[in-house]
Amino acid sequence: MDHFSHSWTALRTAVSELADEDFGRPSGCTGWLVRDLVCHLIIDAQDVLITLVTPTDKEPTRDAVTYWDIAETPPTGDDPLDALTVRLAAAYGEPRLLELHLDDVGSAAGRAAVLADPDQRVSTRDEVLTTGDYLSAYVLEWTLHHLDLVAHLPHAEQPPGECLTRSRELLERIAGTAFPSAFSDRDALLIGTGRRAATADEQAALGESAVKLPLVLG
């Protein structure tokens, strides 16, 4: 729960510190500008709020690891939902309207997470998880998108170190293998999810586990 709050607060803070021109720069998400990614974060925050108020007595069907679906191919930006996000972001007009909406909905999502019972079961995407597992999965979501946000913004604040470490641990559990210890947490996440291609030396260090990568999480 603490990692959720820390990663989410850090991501929203990074958005609040962006200059207007930064919203028009590329993000680490294929086909999306920074403004499109921020719009996606608003939708994510709404999903968190909806899920946290959708309790169920059913048995869990997934946990923080199995929450993630693995796609066969990396995103191209041509998916209809991705294209819809681009149109929604453009409709805001001014970058600061995006920022204000994220602050409003994001703050509410953060408060709801703090107040939530980690043992309560909730329903999302026709699956059931404990609230604790659901919020743990979102630490990876927030941390990866924080890396996406700052991908072409060297002046922007990077994700918190402990959130990078926690996300790496979760990604390794999803992959079923550990990344080489020589990899930084940041590089493990970028290479593991296909956000950066491995160098020849990194590919050699990965060995047989390289065939499992990248993990395209959905």
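Anyway, here's the lowdown on the structure attached to this text. (Residues numbered from 1 in each chain as written. Predicted model: local features only at pLDDT ≥ 70, side-chain atom pairs only at ≥ 80, totals over all residues. Heavy atoms only, no water.)

## Things to note about the packing of aromatic side chains
Step number 1: Under the counting rule described, the total for this entry stands at seven aromatic pairs.
Step number 2: A ring pair is formed by Y67 and Y134, whose centres lie 6.1 Å apart and whose planes are at 75 degrees; its orientation type is edge-to-face. Residue Y67 is located in the loop between α2 (34–52) and β1 (70–71), and its partner Y134 is located in helix α5 (residues 131–149); the two are separated by 67 residues in the primary sequence. Of the two residues, Y67 and Y134, neither departs from the other in class, the shared state being buried.
Step number 3: Ring pairs connect the aromatic residues F4, W8, Y67, W68, Y134, Y138 and W142, which therefore count as one cluster.
Step number 4: Above the plane of the ring of Y67 lies R125, whose end atom (NZ or CZ) is 4.2 Å from the centre. (Phe/Tyr/Trp six-rings, centres within 6.5 Å; stacked < 30°, edge-to-face > 60°. Helix = DSSP H or I, 4+ residues; strand = E, 2+ residues; numbered from the N terminus. Buried < 20%, exposed > 50% of the residue type's maximum accessible area, 1.4 Å probe, protein only. Lys NZ or Arg CZ within 6 Å of the ring centre and 35° of its normal.)

## Comments concerning the pairing of strand β2 (residues 121–124)
Taken residue by residue, a regular strand's side chains alternate between the two faces of the sheet.
Step number 1: Burial along β2 is one-sided: V122 and T124 are buried, and none of R121 and S123, which face the opposite way, are.
Step number 2: Here four bridges tie β2 to strand β3 (residues 127–130), and the two strands are oriented antiparallel to one another. Residue T124 lies in a different strand from β3, and its bridge partner there is E127.
Step number 3: A loop of two residues connects β2 with β3, the two strands running antiparallel in sequence, and R125 in this loop sits at a positive phi of about 55 degrees. (Pairing = 2+ DSSP bridges.)

These figures come from the coordinates and say nothing about function on their own.
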